[in-house]
Amino acid sequence: MKIKNKITLVIGVVLVSISSNAQNKIFQKEEFKKWAQTPPMGWNSWDCYGPTVEEHEVKANADYMAKELKKYGWEYIIVDIRWFVENDKAGGYNQTDPRYVMDQYGRYLPAVNRFPSAKDGQGFKPLADYVHKKGLKFGIHIMRGIPKKAVEDKLPIKGANGVTADQIYTTALQCEWLRDNYTVLADKPGAQEYYDSIFELYAQWGVDFIKIDDLSRPYHEAEINLIRNAIDKCGRKIVLSTSPGETPIEAAAHVASHANMWRMVDDVWDTWPHITHLMDVAQKWYPHIAPGTWPDCDMIPLGRISIRGERGEDRMTRLTKDEQYTLITFFNIFKSPLFFGGDLPSNDAFTLSLLTNKEVVKMHNESTNVKQLFQKDGKIAVTSKNAKDGSIYLALFNISDKATETISVNLSDLGISGSAEALNMWTGVKSKVSGTTISAELKPHSSILYQLKSKK
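In this text, all values refer to a predicted model and were calculated from it rather than measured experimentally.

Colleague: An account of the overall build of the protein is requested, with residue identities and associated values reported.
Modeller: Regarding its fold elements, the protein presents 12 helices and 23 strands. For the protein, the spread of C-alpha atoms along the three principal axes comes to 80 × 45 × 40 Å. Here the protein, with 456 residues, has 58% of them falling under the buried criterion. Here the protein contributes 57 positive and 55 negative side-chain charges, whose respective centroids are spaced 4 Å apart.

Okay, structure coming up:
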């Protein structure tokens, strides 16, 4: 076999074991929805480290989460894009001379110079074990498709009876912004076996979550079917996140029957137009918020970001405090998955407070019947209910750029008759609401989040 300079080939037995019960376990259709009954919450390395995150940085964020956030429901630690490239760069990608690491079956392996515990073919299992011992869960990012280098070197596909990578690929619909992989031809012998083989490996490593990129625009239904089949056969409960881009609403039924979460928009960064665009696109997705299947607002670009990121220099988020409250309020009342993008150990007290408000976390976990009451003239109102304690939640947003606005909602539209007690969920201030409406005067880009309880 000819090995080119640009690839490091690792051959050997992965030093892990997996029980025969787990190997033989096949999950039933849509059983995966039980694995994320509340929206997943965690940390993702992308916003602060781009494609260059290293093991010590992942561990530092896991340590912080275990100490400061786990008790509030935060639990996932995700290693984002290109963990298998030895010489990637910040501010984009090295697509000139990337040094890939993969095994003899064309499956990417962690770059040992960035993840030292992956030595001797151990993959991510030692790092996953570290995260699991903290009481947390571990996840990774991959691109859809099969590695170009596996195709060029005609590497065999594990379990495919002599089929090689060059027999299941097409250059059609190759990702436009990252050229590591080719599209898999889903109807070719060996296509399902390829996806089966990578998820067999991820299950052995102890992966609990996978974010798969370039699936949504255009919507790659055939590869999503292969992925769903592979996860259901791998013997491990792996939550599936499809990304990025504006998932077409026409695919809502399919994506909700195949993935736990799916992106509604491209990457959300720390600028106001990213937030208002998200709120606009989200309007069509409210009816599809359901246990186990969550429309995804993207990562939370707060705290210290872009240490070695894709956009801009190392900084604390550029959003004002009002804008940060608006972003985190919208993510929570919408019941989006919450994946913090900043470097957790760099958090200041204010950033930490946005992630550890007990009442907001309770709303995010327990609320149902999320709906938008209106979005017009720069004014937005979103509501939901908590059947467990009778609470009604109401978020009001002034997304206009210049004017302070009074935003009002009829209590009858919230199912409240008579008076009510209102808790400002960020300040803790309580007030009584009488009459027929509840109102708030909001500065541009600001918001308020209420918990309302009827007073009999």
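Colleague: Please give an account of the side chain of Asn260 that cites residues and values.
Modeller: Here Asn260 lies in the loop between helix H8 (252-256) and strand E11 (261-263). From its side chain, Asn260 meets the backbone oxygen of Phe32 in a polar contact 3.0 Å long. For Asn260, the contacting residues outside a window of four places in its chain are Phe32, Lys33, Ala36, Ile238, Val239, Leu240, Gly292, Thr293 and Trp294.

Colleague: How would you summarise the domain arrangement of the protein if you had to cite specific residues and measurements?
Modeller: Looking at the protein, the domain boundaries give domain 1 (31-356) and domain 2 (374-454). Inter-centroid distance (C-alpha atoms) of domain 1 to domain 2 is 34 Å. Each side of the interface is counted separately: domain 1 has 16 residues, and domain 2 has 17 residues. Of the roughly 1400 Å² buried between domain 1 and domain 2 on both sides combined, carbon and sulfur atoms contribute 66%. Counting the surface domain 1 buries against domain 2, the share from its top three residues, Trp272, Thr329 and Ile333, is 39%.

Colleague: Outline the packing of aromatic side chains, listing residues and values.
Modeller: Within this structure, the stated rule accounts for 25 aromatic pairs. One aromatic cluster is present, formed by Trp83, Phe84, Tyr100, Tyr108, Phe115, Phe124, Phe138, Phe199, Tyr202 and Trp205 through successive ring pairs. We note Arg228 situated over the ring of Phe32; from NZ or CZ to the ring centre the distance is 4.1 Å. The ring of Phe350 is capped by Lys321, whose NZ or CZ atom sits 4.6 Å from the centre of that ring.

Colleague: Tell me about the pairing of strand E16 (residues 368-376), and please be specific about residues and values.
Modeller: Of the strand pairs in this sheet, E16 and strand E17 (residues 379-386) are connected by six bridges, and their pairing is antiparallel. For Thr368, the partnering residue across the bridge sits in E17 and is Lys385. Between the antiparallel neighbours E16 and E17 lie two residues, among them Asp377 with a positive phi of about 55°.

Colleague: Please provide a residue-by-residue account of the packing of helix H6 (residues 191-205) against helix H7 (residues 221-233), values included.
Modeller: As a packed pair, H6 and H7 sit with axes 8 Å apart at the nearest point and diverge in direction by 45°. Here H6 is positioned oblique relative to H7, judged by the angle of their axes. Once H6 is placed against H7, the crossing between them reads as right-handed. Contacts between H6 and H7 pair Ala191, Gln192, Tyr195, Asp196 and Phe199 from the former with Glu223, Leu226, Ile227, Asn229, Ala230, Ile231 and Lys233 from the latter. Its residues placed into classes, the contact of H6 with H7 shows seven nonpolar, two polar and three charged.

Colleague: Summarise the sheet that holds strand E6 (residues 146-147); cite the residues concerned and give the values.
Modeller: If you trace the three strands from one edge of the open sheet to the other, you get E6-E8-E7, paired in antiparallel fashion. The outermost strands of the open sheet, each flanked by one partner alone, are E6 and strand E7 (169-170). When E6 meets strand E8 (residues 181-184), the two strands line up antiparallel, connected through two bridges. Paired with Pro147 across the two strands is Asn181, which belongs to E8.

Colleague: Pulling in residues and values, what's your account of helix H4 (residues 125-133)?
Modeller: Every buried residue belonging to H4 is among Leu127, Ala128 and Val131, and all of these are buried. Angular distribution of buried residues about the axis of H4 spans 100°; they occupy a single face of the element. Lining the buried residues of H4 we find helix H3 (55-69), strand E3 (76-79), strand E5 (137-143) and H6. Once H4 ends, the next one or two residues include Gly135, with phi positive near 80°.

Colleague: Which residues make up the pattern of salt bridges, and what values go with them?
Modeller: With the rule as written, the count across this model stands at 29 salt bridges. Across the pair Arg99 and Glu86 runs a salt bridge, and its minimum N-O distance is 3.0 Å. Highlighted residues: Arg99 in the loop between E3 and strand E4 (100-103) and Glu86 in the loop between E3 and E4, separated in sequence by 13 residues. Given the relative accessible area of 22%, Glu86 is considered partly exposed.

Colleague: So, the pairing of strand E9 (residues 209-213): which residues are in play, and what are the values?
Modeller: The element E9 is largely enclosed, with a buried count of five among its five residues. Alternating positions in E9 separate into two faces, Phe209, Lys211 and Asp213 on one and Ile210 and Ile212 on the other, with burial throughout. The sheet contact formed by E5 and E9 spans five bridges and is parallel. Residue pairing for E9: Met143 is matched across the bridge by Asp213. As a crossover connection, the stretch from E9 through H7 into strand E10 (residues 239-242) is right-handed.

Colleague: Can you tell me about the sheet that holds strand E23 (residues 447-454), naming the residues and giving the values?
Modeller: Read across the sheet, six strands follow the order E16-E17-E18-E23-E20-E21 without closing on themselves; strand pairing throughout is antiparallel. Only two strands of the sheet have a single partner each, and these edge strands are E16 and strand E21 (430-433). With strand direction ignored, the average angle separating the axes of adjacent strands in the sheet is 25°. Across the face of the sheet, helix H10 (residues 321-333) comes into contact with E16, E17, strand E18 (391-398) and E23 while running at roughly 140° to E18. Across the sheet, helix H12 (residues 358-366) touches E16, E17, E18, strand E20 (420-424) and E23, and the angle it forms with E17 is around 75°.

Each value, and the rule that gives it
- Residues numbered from 1 in each chain as written.
- Predicted model: local features only at pLDDT ≥ 70, side-chain atom pairs only at ≥ 80, totals over all residues.
- Heavy atoms only, no water.
- Helix = DSSP H or I, 4+ residues; strand = E, 2+ residues; numbered from the N terminus.
- Buried < 20%, exposed > 50% of the residue type's maximum accessible area, 1.4 Å probe, protein only.
- Lys, Arg positive; Asp, Glu negative; His and termini not counted.
- Charge placed at Lys NZ, Arg CZ, Asp CG, Glu CD.
- Polar contact = N/O pair within 3.5 Å; in protein donor to acceptor, adjacent residues only side chain to side chain.
- Contact = heavy atoms within 4.5 Å.
- Domains from an automatic or database assignment.
- Buried area = accessible area lost by both parts, 1.4 Å probe.
- Phe/Tyr/Trp six-rings, centres within 6.5 Å; stacked < 30°, edge-to-face > 60°.
- Lys NZ or Arg CZ within 6 Å of the ring centre and 35° of its normal.
- Pairing = 2+ DSSP bridges.
- Axes fitted to C-alpha atoms, helices over the stretch in contact; angles between N-to-C directions.
- Parallel < 35°, antiparallel > 145°, perpendicular 65-115°, else oblique.
- Left-handed = near helix turned anticlockwise from the far one by under 90°.
- Nonpolar A, V, L, I, M, F, W, Y, C, P; charged D, E, K, R; others polar.
- Arc of directions from axis to C-beta.
- Salt bridge = Lys/Arg side-chain N within 4 Å of Asp/Glu carboxyl O.
- Right-handed = clockwise from strand over helix to strand, strands pointing away.

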